Amino acid sequence: MNLILLGPPGSGKGTQAIRLQEADGLVQLSTGEMLRAAVASGSETGRLVGSIMEAGELVPDDIIVSMIDRRIDEPDCAGGFILDGFPRTLAQAEALDEMLARKARRLDAVIEIAVDDGALVERIAGRFSCAVCGAGYHRRFQPAAVEGVCDRCGATRFLQRPDDNEETVRTRLVAYHAQTEPLLPYYRARGILRSVDGMAGIDAVSTEIRAALGVSAA
Ligand code: AP5
Ligand code: MG
């Protein structure tokens, strides 16, 4: 199964993609994570995109499209993938159509995680991740079982993303409404869009996504 998770910053795309990856063996393809890895490595792409991301703007389509085009060809994607944060513009959606046709693959579903703008700033301001294994947390909604210790690997160092501050979140939301929301009618017209209530708790959202996809409970 090949999916897109579509939703504003902080809507829970990454949280839900990881759950689907663990339960169903699909591979999470997060363009945000790929770009952050490029920035951390100091590569040419990383140098180009770092300041754009910190400002909360969208990275140019050609950089993103070629990154995804190459990644989908890797063997681990053969059994299915979850696109998390891609496509984000109509040009990216059209490029995805073209690349999937060329690779004789198809899109099975697009899941919109709908969340009110007002909830997103708290979601993002409270988010942090393990500095060692990358496991994601939220101060209020997804705390570690033992405060200050990663549930997954036991590390005690945590990080916040440089774009996770209130001012940048507002710019990211403007980009979402102006450039990404037009993808909803694009996929609705094809009959593959499903919307879930992202204001519900994390487990309830997972259940709703699984029901929308017609897969059994994890
Ligand atoms: P990216 O990394 O994709 O960021 P984003 O879309 O802004 O989304 P987030 O990762 O912030 O949120 P999420 O939906 O994954 O939420 P999460 O699950 O973490 O992109 C970053 C930047 O890279 C972009 O701004 C852009 O510059 C660039 N970029 C990336 N892709 C691009 C593209 N295709 N084109 C151009 N530029 C691109 O959840 C958030 C928090 O809330 C967590 O702490 C979580 O624990 C908590 N939470 C999750 N679900 C719930 C729930 N149901 N209830 C309560 N809390 C919840
Ligand atoms: Mg994310």
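For the structure, see preceding data.
Residues numbered from 1 in each chain as written. Chains lettered and ligands numbered in written order. Predicted model: local features only at pLDDT ≥ 70, side-chain atom pairs only at ≥ 80, totals over all residues. Heavy atoms only, no water.

Novice: Explanation requested: the pairing of strand E4 (residues 109–114) in the structure shown.
Specialist: In regular strands, side chains alternate between the two faces of the sheet. A large share of E4 lies buried, amounting to 5 of its 6 residues. Note: strand E1 (residues 3–6) against E4, 4 bridges, orientation parallel. From the neighbouring strand, Ile-4 faces E4, where its bridge partner is Val-110. Two elements, E4 and strand E8 (residues 193–197), share 5 bridges in a ladder whose sense is parallel. Looking across to E8, one finds that Glu-112 is bridged to Ser-195. (Buried < 20%, exposed > 50% of the residue type's maximum accessible area, 1.4 Å probe, protein only. Helix = DSSP H or I, 4+ residues; strand = E, 2+ residues; numbered from the N terminus. Pairing = 2+ DSSP bridges.)

Novice: Help me understand the sheet that holds E4 in this model?
Specialist: In a beta sheet, neighbouring strands pair by backbone hydrogen bonds and run either parallel or antiparallel. Overall, parallel pairing links the 5 strands, which are arranged E2-E3-E1-E4-E8 in an open sheet. The open sheet has two edge strands with one neighbour each: strand E2 (27–30) and E8. Strand-to-strand twist across the sheet, computed as the mean angle between neighbouring axes with direction ignored, equals 25°. (Axes fitted to C-alpha atoms, helices over the stretch in contact; angles between N-to-C directions.)

Novice: Sorry, what's going on with the side chain of Asp-163 here?
Specialist: Within the secondary structure layout, Asp-163 lies in the loop between strand E7 (158–159) and helix H7 (166–180). On the basis of relative accessibility, which here comes to 9%, the residue Asp-163 falls in the buried class. The contact partners of Asp-163, leaving out residues within four places of it in the chain, are Met-53, Thr-168, Val-169 and Arg-172. (Contact = heavy atoms within 4.5 Å.)

Novice: Before we go on, may I ask you to explain the packing of helix H2 (residues 31–41) against helix H4 (residues 61–72) in this structure?
Specialist: Working note: a packed helix pair is described by the angle between its axes plus the distance between those axes. Between H2 and H4, the shortest axis-to-axis distance is 11 Å and the interhelical angle comes to 100°. Considering their axes alone, H2 and H4 lie roughly perpendicular with respect to each other. Across the interface between the two elements, Thr-31, Met-34 and Leu-35 from H2 touch Ile-64, Met-67, Ile-68 and Arg-71 from H4. Residue classes in the contact of H2 with H4 are distributed as 5 nonpolar, 1 polar and 1 charged. (Parallel < 35°, antiparallel > 145°, perpendicular 65-115°, else oblique. Nonpolar A, V, L, I, M, F, W, Y, C, P; charged D, E, K, R; others polar.)

Novice: Would you take a moment to explain the site of ligand 1 for this structure?
Specialist: Neighbouring ligand 1 are 35 residues, the closest being Thr-15, Glu-57, Arg-88, Arg-127 and Gln-142. Between Gln-92 and ligand 1, the recorded distance is 2.9 Å, taken from a side-chain N or O atom to a nitrogen atom. Alone, ligand 1 offers 1000 Å² of accessible surface; in the complex the protein occludes 96% of this. Its residues assigned to classes, the shell around ligand 1 comprises 13 nonpolar, 13 polar and 9 charged. (Near = heavy atom within 4 Å. Polar contact = N/O pair within 3.5 Å; in protein donor to acceptor, adjacent residues only side chain to side chain. Areas by Shrake-Rupley, 256 points an atom, 1.4 Å probe, with all protein chains shown as cover.)

Novice: It is not clear to me how H7 should be interpreted in this structure. Could you clarify?
Specialist: For an α-helix, 3.6 residues make a turn, and residues three or four places apart therefore share a direction. Over its 15 residues, H7 runs 20 Å from end to end, which matches the ideal 21 Å to within 8%, given 1.5 Å per residue. Within the sequence span of H7, burial applies to Thr-168, Val-169, Arg-172, Leu-173, Ala-175, Tyr-176 and Thr-180. Viewed end-on, H7 has its buried residues packed into an arc of 160°, placing them on one side of the element. Facing away from the buried surface of H7 by more than 90 degrees, the exposed residues are Glu-167, Val-174 and Ala-178. (Expected span 1.5 Å × (residues − 1). Arc of directions from axis to C-beta.)

Novice: What exactly am I supposed to notice about the nonpolar core here?
Specialist: A general feature of soluble globular proteins is that nonpolar side chains tend to end up buried together. The biggest cluster of nonpolar side chains holds 31 residues, and the ones touching the most others in it are Leu-29, Leu-96 and Tyr-187. Taken together, the elements giving at least two residues each to this core come down to E1, E2, H2, helix H3 (44–55), H4, strand E3 (81–84), helix H5 (90–102) and helix H8 (183–188). The element that contributes the greatest number of residues to this core is H4, accounting for 6 residues. For Tyr-187, the contacting residues outside a window of four places in its chain are Ile-4, Pro-87, Ala-93, Leu-96, Leu-107, Val-110, Ile-192 and Leu-193. Residues Leu-3, Ala-17, Leu-20 and Ile-124 belong to the second largest nonpolar core, which totals 19 residues. (Core = buried A, V, L, I, M, F, W, Y, C linked by side-chain atoms within 4.5 Å.)

Novice: Quick question: what am I supposed to make of the side chain of Gln-16 here?
Specialist: Its place among the elements puts Gln-16 in helix H1 (residues 13–24). For Gln-16, a relative accessible area of 4% translates into the label buried. Engagement of the side chain of Gln-16 in a polar contact is seen with the backbone oxygen of Ile-202, the distance being 3.2 Å. At 2.7 Å, the side chain of Gln-16 and the side chain of Ser-206 are in polar contact. For Gln-16, the contacting residues outside a window of four places in its chain are Leu-5, Ile-113, Ile-202, Val-205, Ser-206 and Ile-209.

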